Amino acid sequence: MAATLRHVIIGAGTAALAAVEAIRVGRPADPITLLSAEPEAPYSPTVLPHLLAGRIDESRIALRPAAFFGTRGCRLLAGTPAVALCADRRVLRLAGGGELEFDRLLVASGSEPIVPALDNPDAVPVHTFTRLADLRVLRAALGGTSRVAVLGAGLIGMELAEAIVHRWPGARITVVEQERQVLPRAFCREDARAVEDLFESQGVGFRLGCRAVALGRRDGAALLTLSDGGCVEADLVVACVGVKPRLGFLAGAGLAVRRGIVVDRRMATSAAGIHAAGDVAEGPGADGTIGCHAVLPTAAGQGRVAGANMAGRAVEHEGWLPANVFSFFGRLLVSAGATEAVGRQTRLGQASGAGRGRLVLDGDRLVGASFAGMPADPGALCWLIRERVPVRAQAELLLSRPLEAARWLCARAQRGTA
């Protein structure tokens, strides 16, 4: 019988829980300990806009049922962050002074918000929106607020703006984005313009192509100075300009780190027996591009691969691929892969009623797709892109009926009849 291994996982989010399930497949009796910096039961940050909007309450946000950890022989130490890693001694130092030994370690510590460096002599508060604690502060502040400035028009900023409109329809929201379009990494400019129009129809204002450079007070309100010389007055300022890997506790640990922890396709770090997965990992994409990819499907896939390898199997991750699903004011938006054609690639588009679809093709193979106001399956689209399935002959069908056509093309390719 194989010797028992002590598995420790830093983090309790999607990557961590996927790893637990994978470890249990091969190592049913090994002890597993999860360290969570937050005191709550594990949840996904994707629920925060829905909580803020009042569509759900906190009783519905747990990633797993309360019995999950007990039935899998796991110990969850909530509110117990790791503060240092001694990789050579196989020991983690914990907040409060304790230590925890391990044989296999997964770093799935997630990400933390980027707060822009502003000239802020009056120390005006700049809020963030990535944790439950942030949400509770914002919810209390928004009750008496009429003007809100949101810095950043990526996913977090746009979801925050939509949630505020839903819960506090009288609020005046201004979104500031340094790119010249909203959702700059998820959609092409034309589709992004349609999203911008949708938000403007709900009273949200935009300042695109500029960024906040200073923050002060005037007549009791916050005053943002922008890089184009303009200004925005607000009662509340929220920074949603992106996230970065949560790495601070790894200083001096000896792991190879660039923007995130460097990993290979097995999610192995530069230190034997130590893996990383999720927002904190910097690994190869489906096309070989190296980077961090902070989205849930990537976290789940990387966590499964890391857990399987910690349990002794030899599994490789297929590489991350950009994919997004949004629903703003009831309008569904889906994108997968490239948003713009480059070089010899071509882009095809089709509009039908309120729906609109676009494909990016490299020869006869799909490299990107986006759809607005039409049901589509991002998983099937990503599979077609990864497997380099020829789709040009069925492009018209894919544009008009993306959900059914993508799944049919996947099934046909898997049968070997493509």
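No experiment lies behind these values; they were computed from the predicted model shown.

Considerations on the overall build of the protein chain
Reasoning step 1: Scanning the protein chain for helices and strands turns up 10 helices and 25 strands.
Reasoning step 2: Radius of gyration (C-alpha) of the protein chain: 23 Å, near the 22 Å computed for a compact globule of 418 residues.
Reasoning step 3: Taking the principal axes of the C-alpha coordinates as reference, the protein chain spans close to 65 × 65 × 40 Å.
Reasoning step 4: Within the protein chain, the fraction of its 418 residues that count as buried is 50%.
Reasoning step 5: Here the contacts in the protein chain between residues at least 6 apart in sequence split such that 64% fall between residues at least 24 apart.
Reasoning step 6: As displayed, the protein chain has an accessible area near 18,500 Å², and 49% of this comes from carbon and sulfur atoms.
Reasoning step 7: A gap of 4 Å separates the mean positions of the 47 positive and 40 negative side-chain charges of the protein chain.

Concerning the environment of Gly291
Reasoning step 1: Inspection of the secondary structure puts Gly291 in strand β20 (residues 290–291).
Reasoning step 2: Overall, the relative accessible area of 12% leaves Gly291 in the buried class.
Reasoning step 3: Spatially, the C-alpha atoms of Gly291 and Trp320 are 8.9 Å apart, while their sequence positions differ by 29 residues.
Reasoning step 4: Among all residues touching Gly291, those that are not within four sequence positions of it are Ala281, Glu282, Gly283 and Trp320.

Some words on the sheet that holds strand β19 (residues 281–284)
Reasoning step 1: The sheet built from three strands is open, its strands ordered β17-β19-β20 with mixed pairing. Edge positions in the sheet fall to β17 (261–262) and β20, since each has one partner strand and no second.
Reasoning step 2: Examined bridge by bridge, β19 and β20 share two bridges and lie antiparallel to one another. If you follow Gly283 over to β20, its bridge partner there is Gly291.

Some details on the nonpolar core
Reasoning step 1: One finds Ile9, Leu34, Leu85, Leu92, Leu105, Val107 and Ile274 to be the most contacted residues of the largest nonpolar core, which totals 45 residues.
Reasoning step 2: Per element, the largest residue contribution to this core is six residues, and it comes from helix α1 (residues 14–26).
Reasoning step 3: Here Ile274 is in contact with Leu85, Ala87, Arg90, Phe102, Leu105, Val107, Leu255, Ala268 and Thr269, once residues within four sequence places are set aside.
Reasoning step 4: Counting 42 residues, the second-largest nonpolar core is a separate cluster that includes Leu135, Leu138, Phe187 and Leu198.

What to know about the packing of α1 against helix α7 (residues 296–310)
Reasoning step 1: Where α1 meets α7, the axes come as close as 7 Å, and the angle between the chain directions of the two elements is 35 degrees. Relative to α7, α1 is oriented so that their crossing is right-handed. Along the contact surface, α1 presents Thr14, Ala15, Ala18, Ala19, Ala22 and Ile23, while α7 presents Leu296, Ala299, Ala300, Gly303, Arg304, Gly307, Ala308 and Met310.

Some thoughts on unusual backbone geometry
Reasoning step 1: With a phi close to 55 degrees, Arg90 is a non-glycine residue in the positive phi region.
Reasoning step 2: Phi angles above zero are rare outside glycine, and Asp219 is one such case at about 55 degrees.
Reasoning step 3: Relative to the elements of secondary structure, Asp219 occurs in the loop between β12 (212–218) and β13 (221–226).

Some details on the environment of Arg89
Reasoning step 1: Along the chain, Arg89 falls in the loop between β4 (82–86) and β5 (91–94).
Reasoning step 2: Overall, Arg89 belongs to the partly exposed group, its relative accessible area being 48%.
Reasoning step 3: Each C-alpha atom, one on Arg89 and one on Leu142, is 48 Å from the other, the two residues being 53 residues apart in sequence.
Reasoning step 4: A polar side-chain atom of Arg89 sits 3.4 Å from a polar atom in the side chain of Glu99.

Considering the sheet that holds β12
Reasoning step 1: Strand order in this open sheet of three strands is β12-β13-β14, and the pairing throughout is antiparallel. The sheet is open, and its two edges are formed by β12 and β14 (231–234), each paired on a single side. On average, each strand axis in the sheet is tilted by 25 degrees relative to the strand beside it, whichever way the strands run.
Reasoning step 2: The pairing of β12 with β13 spans six bridges and is antiparallel. Opposite Ala212, over in β13, you have Leu226 as the bridge partner.

Remarks on the pattern of salt bridges
Reasoning step 1: Applying the stated criterion to the full structure yields 26 salt bridges.
Reasoning step 2: Notably, a salt bridge pairs Arg246 with Glu112, separated by 3.5 Å at the nearest N-O pair. Taken as a pair, Arg246 in the loop between β16 (243–245) and β17 and Glu112 in strand β8 (residues 111–113) lie far apart in primary sequence, 134 residues in all.
Reasoning step 3: Here Arg365 makes a salt bridge to Asp364, at a shortest N to O gap of 3.7 Å.
Reasoning step 4: For Asp364, a relative accessible area of 33% gives the class partly exposed.
Reasoning step 5: Overlapping salt bridges, with partners in common, bring together Glu40, Glu58, Arg136 and Arg139 in one network.

Considering the packing of helix α8 (residues 378–386) against helix α10 (residues 402–414)
Reasoning step 1: It is at 9 Å that the axes of α8 and α10 come closest, and there the two elements cross at 45 degrees. Judged by the inter-axis angle, α8 sits oblique to α10. For the pair α8 and α10, the sense of crossing is left-handed. Across the interface between the two elements, Ala380, Leu381, Trp383 and Leu384 of α8 pack against Ala406, Arg407, Leu409, Cys410, Ala413 and Gln414 of α10.
Reasoning step 2: Across the contact of α8 with α10, the residue classes break down as eight nonpolar, one polar and one charged.

Reading the values: the criteria
Residues numbered from 1 in each chain as written. Predicted model: local features only at pLDDT ≥ 70, side-chain atom pairs only at ≥ 80, totals over all residues. Heavy atoms only, no water. Helix = DSSP H or I, 4+ residues; strand = E, 2+ residues; numbered from the N terminus. Rg over C-alpha atoms; globule rule 2.2 N^0.38 Å. Buried < 20%, exposed > 50% of the residue type's maximum accessible area, 1.4 Å probe, protein only. Contact = heavy atoms within 4.5 Å. Areas by Shrake-Rupley, 256 points an atom, 1.4 Å probe, with all protein chains shown as cover. Lys, Arg positive; Asp, Glu negative; His and termini not counted. Charge placed at Lys NZ, Arg CZ, Asp CG, Glu CD. Pairing = 2+ DSSP bridges. Core = buried A, V, L, I, M, F, W, Y, C linked by side-chain atoms within 4.5 Å. Axes fitted to C-alpha atoms, helices over the stretch in contact; angles between N-to-C directions. Left-handed = near helix turned anticlockwise from the far one by under 90°. Polar contact = N/O pair within 3.5 Å; in protein donor to acceptor, adjacent residues only side chain to side chain. Salt bridge = Lys/Arg side-chain N within 4 Å of Asp/Glu carboxyl O. Parallel < 35°, antiparallel > 145°, perpendicular 65-115°, else oblique. Nonpolar A, V, L, I, M, F, W, Y, C, P; charged D, E, K, R; others polar.

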